[in-house]
Amino acid sequence: MSTPKIETGSRQADDCYSITVSEKGPYLVYGRPPLATQFIMLNAEYESWYFLPGRHFPTASEPTALCRCGASKHKPYCDGSHTSARWDPTLTARDEPLLAHSEEIRGETLAMSDNAQYCVFARFCHASGDAWALTERSGDPTSRRLAIRAASMCPGGRLMAWDRDSGRPYEFRFEPSLGLIEDPAIGSSGGLWVRGGIPLRRQTGQTYEIRNRMVLCRCGQSANKPYCDGTHASIKWQDHLDAAPEEASEPLTEREAVPVP
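Criteria and thresholds
- Residues numbered from 1 in each chain as written.
- Predicted model: local features only at pLDDT ≥ 70, side-chain atom pairs only at ≥ 80, totals over all residues.
- Heavy atoms only, no water.
- 1 Å grid on protein atoms, 1.4 Å probe; cavity = no way out; pocket = protein on both sides within 12 Å on 5 of 7 lines; lining within 4 Å.
- Points joined across faces, edges and corners; volume = space filled by probe spheres on them.
- Helix = DSSP H or I, 4+ residues; strand = E, 2+ residues; numbered from the N terminus.
- Buried < 20%, exposed > 50% of the residue type's maximum accessible area, 1.4 Å probe, protein only.
- Pairing = 2+ DSSP bridges.
- Core = buried A, V, L, I, M, F, W, Y, C linked by side-chain atoms within 4.5 Å.
- Contact = heavy atoms within 4.5 Å.
- Disulfide = S-S within 2.5 Å.
- Expected span 1.5 Å × (residues − 1).
- Phe/Tyr/Trp six-rings, centres within 6.5 Å; stacked < 30°, edge-to-face > 60°.
- Lys NZ or Arg CZ within 6 Å of the ring centre and 35° of its normal.

A.B. asks: Please explain empty space enclosed by the protein as it appears in this structure.
C.D. replies: Empty space among the atoms can be located by rolling a probe the size of a water molecule over them. Summed over all chains, the structure comprises 5 cavities of 30 Å³ or more. Considered as a void within the structure, the largest cavity measures approximately 50 Å³ in volume. Around the largest cavity sit Arg94, Glu96, Pro97, Leu98, His101, Asn115, Gln117 and Tyr118, which together line it.

This is the structure in structure tokens:
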């Protein structure tokens, strides 16, 4: 088994947690992490602003097989439909650190790394202006706070805010958990949001870079498998889960992203 790389600002979850990507079938989840729908909610300006959880799904089976072809009739679980579905299961993502091919945006007090290949079209980066302009204006305390927020809310990890003085990135500290992204504003379901440094492996034993936040493809159509590339938004893919957000839940943004080693 290959030695995993760990992205700067991330830490590996406990050894009980892992996800194996079967070469032609589902995600095999180990460790029983909590799994729930996560709804992208809008602010008064109709911008993506926070997540609210919804229905919870059991992960008691060891492993729990989650659909990645997009065709299961028992979503989020695999029902074997991948054997007859029209999809390409090939894992095409490069075995390289996400930051290796990131562009750097330098502002007054912040820098922001941007790897567009990992955009999942969640659109948090465009709230209150946009993350790039806010980073450039980060000498202003309000712009700095909003830039950190916008980058840290990116579920796929495309964006990351960095303090220019200390060189430390900002991250939410997630517990190991899984989210089924739902995006009602565009009429689409999204990918599998993997949080808290859960290792992701191929059946060959190769371990992908361990990350605090990443989104895996659920529609079966991404060109960057196993990762989501936002294709679900253009094809208006729907998982048809009977779920709604829990309005009484605490939004993610009630907490602050923190600088991490």
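A.B. asks: I tried to follow unusual backbone geometry on my own but got confused; where do I start?
C.D. replies: The general pattern is negative phi for most residues beyond glycine and trans for most peptide bonds. The step from Lys75 to Pro76 runs through a cis peptide bond, and the omega angle for that step is 5°. Tracing the backbone shows Pro76 in the loop between β5 (64–66) and β6 (103–106). Pro226 follows Lys225 through a cis peptide bond whose omega is 10°. Within the element layout of this structure, Pro226 appears in the loop between β13 (213–216) and α3 (231–235). A positive phi is found at Phe121, a non-glycine position, where the angle reads about 60°. In this structure, Phe121 sits in the loop between β7 (110–114) and α1 (131–136). One non-glycine residue, Lys236, lies in the positive phi region at around 55°. Relative to the helices and strands, Lys236 resides in the loop between α3 and β14 (258–259).

A.B. asks: Explain the pairing of strand β3 (residues 35–42) here, please?
C.D. replies: Every other side chain in a regular strand lies on the same face of the sheet, so the side chains alternate between the two faces. Most of β3 is tucked away: 7 of the 8 residues are buried. As judged from the 7 bridges shared by β3 and strand β4 (residues 48–57), these two strands associate in the antiparallel manner. Across the sheet, residue Ile40 finds its bridge partner in β4, namely Phe51. Where β3 folds back onto β4 in an antiparallel hairpin, the turn is made up of 5 residues, including Tyr46, whose phi is positive at roughly 60°.

A.B. asks: Which parts of the structure should I look at to understand the nonpolar core?
C.D. replies: Considering soluble globular proteins, one finds that nonpolar side chains tend to be buried as a cluster. Ranked by internal contacts, the top residues of the largest apolar core, which has 29 residues, are Phe51, Met112, Ala131, Trp132 and Leu159. Secondary-structure elements contributing two or more residues to this core are β7, α1, α2 (141–152) and β8 (159–163). Among the elements that line this core, the one with the most residues is α2, at 5 residues. Apart from residues lying up to four places away in sequence, Met112 is in contact with Glu103, Glu104, Ile105, Ala131, Trp132, Thr135, Ala151, Leu159, Met160, Ala161 and Trp162. Counting 28 residues, the second-largest nonpolar core is a separate cluster that includes Tyr77, Leu192, Cys217 and Cys219.

A.B. asks: Is there a simple way to think about the state of the cysteines in this case?
C.D. replies: What makes a disulfide is a covalent bond joining the sulfur atoms belonging to two cysteines. One pass over the full model with this rule turns up 0 disulfides. Here Cys119 stays free of any disulfide, with the sulfur of Cys125 as its closest cysteine sulfur at 6.3 Å. A disulfide-free cysteine, Cys154 has its sulfur positioned 6.9 Å from the sulfur of Cys125, the nearest such atom. On the basis of relative accessible area, Cys154 is assigned to the buried category, the value being 9%.

A.B. asks: In this structure, what is going on with α2? I would like to understand it.
C.D. replies: Structurally, the α-helix is built with 3.6 residues per turn, so residues lying three or four positions apart point the same way. Taking 1.5 Å per residue, 12 residues should reach 16 Å; α2 reaches 17 Å between its end C-alpha atoms and fits that length. Among the 12 residues of α2, 9 are classified as buried, and the element is accordingly described as predominantly covered. Those residues of α2 lying buried are Ser143, Arg144, Leu146, Ala147, Ile148, Arg149, Ala150, Ala151 and Ser152. Looking at the packing, one finds that the buried side of α2 touches β4, β7, α1, β8, β9 (170–171) and β13.

A.B. asks: Just checking my understanding: could you explain the packing of aromatic side chains for this structure?
C.D. replies: Two numbers describe a pair of aromatic rings. These are the distance of the centres and the angle of the planes. Counted by the stated rule, this structure contains 7 aromatic pairs. Judged by centre distance (5.0 Å) and plane angle (40°), the rings of Phe51 and Phe124 are tilted. Pair noted here: Phe51 is in strand β4 and Phe124 is in the loop between β7 and α1, with a separation of 73 residues, a long-range link. Both residues of the pair, Phe51 and Phe124, belong to the buried class. Seen from their ring centres, Phe57 and Tyr77 are 6.4 Å apart, and the 75° between their planes marks the pair as edge-to-face. With a gap of 20 residues between them, Phe57 in strand β4 and Tyr77 in the loop between β5 and β6 connect regions that are remote in the sequence. The same class applies to Phe57 as to Tyr77, namely buried. An aromatic cluster of three or more residues is present, and its members are Phe51, Phe124, Phe172, Phe174 and Trp193. The side chain of Arg149 reaches across the aromatic face of Trp49, ending 3.4 Å from its centre. Positioned above the aromatic ring of Trp193, the side-chain terminus of Arg195 is 4.4 Å from the ring centre.

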